[in-house]
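# Remarks on the overall topology
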Amino acid sequence: MNAIILAAGLGTRLRPLTDNTPKALVEVGGKTMLEHQILNLKKAGVTNIVINIHYFGEQIIEFLKRNNNFGLNIKISDERELLLDTGGGIAKAGSLFENDAPILVHNVDIFTNVDLKKIYSECDKYDVMLVTEKPRSNRVLYFTNNQLCGWRNKATNETILTDEEYIPNANDERAFMGIHVLNAKTIRLMREYKEAFPLIPFYMNASKTGELNIGEMFCGDDIIRIDAGKPEVLAECKEIIDKFYL
């Protein structure tokens, strides 16, 4: 199994904890965020991981060396000279795998009890499978018949639709959880795009043109997901870690 851990972010919301260290190496419950994610992916059966780096990236490289890559095949996608945004970062990292197996993409600061092995095992119906939940903010995705069909910022009413005849429906609203699985075809298309680009507009365009089949795995109320982007939520992340992580 292949996985990408997105760890290149600046961690501005976690300051002062990230003044001198990358977000990925901030500790939660006695281990760094990065270690928690690596071990959780390993438990799910992942053997090959690519980690993208930017801010204080050399600290992440040294951390992995000290821990012998946790017994996995880990490669670094180096963005220290140019931060590539989420889409560009995935495109570069995805090109480093030596096989065409599906790739599970996981943000380093997302802590959840979602079953990663199940997600990976059910991804072959789509080119991209986004893991979703009920919306928590004004930015939402729309799915109908399990296909991505729209995006909207409800605060500004900015809307992108893959089908101009589709009328956004509150029952179709979803929030992206920061975890998804994509195939080699998707990586090849991303590599043809441009060097740095955001993820969701790329997916919206690829769905609209029919170049990619983009579906979802919707998680119900029994799934917990916490974004560890702010110091005040780290204690909540520790509760999830104590219950569901190694």
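Our subject is the structure listed above.
Before going into details, it helps to say that this report is about the structure given with it. (Residues numbered from 1 in each chain as written. Predicted model: local features only at pLDDT ≥ 70, side-chain atom pairs only at ≥ 80, totals over all residues. Heavy atoms only, no water.)

Both trends apply: most residues other than glycine have a negative phi, and most peptide bonds are in trans. Residue P16 follows R15 across a cis peptide bond; omega there is 10 degrees. Its location among the elements puts P16 in the loop between β1 (2-6) and β2 (27-28). With a phi close to 50 degrees, F56 is a non-glycine residue in the positive phi region. For F56, the location among the structural elements is in the loop between β4 (48-53) and α2 (57-66). The backbone phi angle of D85 is positive, close to 65 degrees, even though this residue is not glycine. Inspection of the secondary structure assignment puts D85 in helix α3 (residues 85-94). According to the relative accessible area criterion, D85 is partly exposed, its value standing at 40%. (Helix = DSSP H or I, 4+ residues; strand = E, 2+ residues; numbered from the N terminus. Buried < 20%, exposed > 50% of the residue type's maximum accessible area, 1.4 Å probe, protein only.)

The next thing to look at is the packing of helix α5 (residues 184-193) against helix α6 (residues 199-209). It is at 12 Å that the axes of α5 and α6 come closest, and there the two elements cross at 110 degrees. Between α5 and α6, the crossing angle belongs to the class labelled roughly perpendicular. Across the interface between the two elements, T186, L189, M190 and Y193 from α5 touch L199, F202, Y203 and A206 from α6. (Axes fitted to C-alpha atoms, helices over the stretch in contact; angles between N-to-C directions. Parallel < 35°, antiparallel > 145°, perpendicular 65-115°, else oblique. Contact = heavy atoms within 4.5 Å.)

Turning to α2, a few remarks are in order. Taken residue by residue, α2 has G57, I60, I61, F63 and L64 as its buried positions. With its buried residues spanning 160 degrees around the axis, α2 presents them on a single face. Structural note: α2 exposes K65 and R66 on the side pointing more than 90 degrees away from its buried face. Turning to α2, the residues buried within the fold contact β3 (31-32), α1 (33-43), β4 and β5 (73-78). Of the residues trailing α2, N68 is marked for its positive phi of about 50 degrees. (Arc of directions from axis to C-beta.)

Right, let's talk about the environment of R66 for a bit. Along the chain, R66 turns up in helix α2. By relative accessible area, which is 59% here, R66 ends up exposed. When the C-alpha atoms of R66 and E164 are compared, they prove to be 53 Å apart, with 98 residues separating the residues in sequence.

Judged by nonpolar contacts, the single largest core of 50 residues is most densely connected at M33, L34, I38, I49, I51, L64 and I119. Per element, the largest residue contribution to this core is 5 residues, and it comes from α1. Dropping the residues within four chain positions of it, L64 is found in contact with L34, I38, I51, N69, F70, I74 and I76. (Core = buried A, V, L, I, M, F, W, Y, C linked by side-chain atoms within 4.5 Å.)

Let us now look at the packing of aromatic side chains. Under the definition given, this model contains 8 aromatic pairs. Residues F197 and F202 carry aromatic rings whose centres are separated by 5.3 Å and whose planes lie at 45 degrees to one another, so their mutual orientation is tilted. Per residue, the accessibility class of F197 equals that of F202, and both read buried. (Phe/Tyr/Trp six-rings, centres within 6.5 Å; stacked < 30°, edge-to-face > 60°.)

Relative to the assigned elements, N52 resides in strand β4. Here the side chain of N52 touches A7 through a polar contact of 2.6 Å, landing on its backbone nitrogen. At 3.0 Å, the side chain of N52 and the side chain of E79 are in polar contact. Leaving out residues up to four positions away in the same chain, N52 has contacts with I5, L6, A7, A8, S77, E79 and G89. (Polar contact = N/O pair within 3.5 Å; in protein donor to acceptor, adjacent residues only side chain to side chain.)

Our next topic: the environment of N107. Position of N107 among the secondary structure elements: in strand β6 (residues 103-107). Those residues in contact with N107 that lie beyond four places of it in its chain are L6, Q37 and G178.

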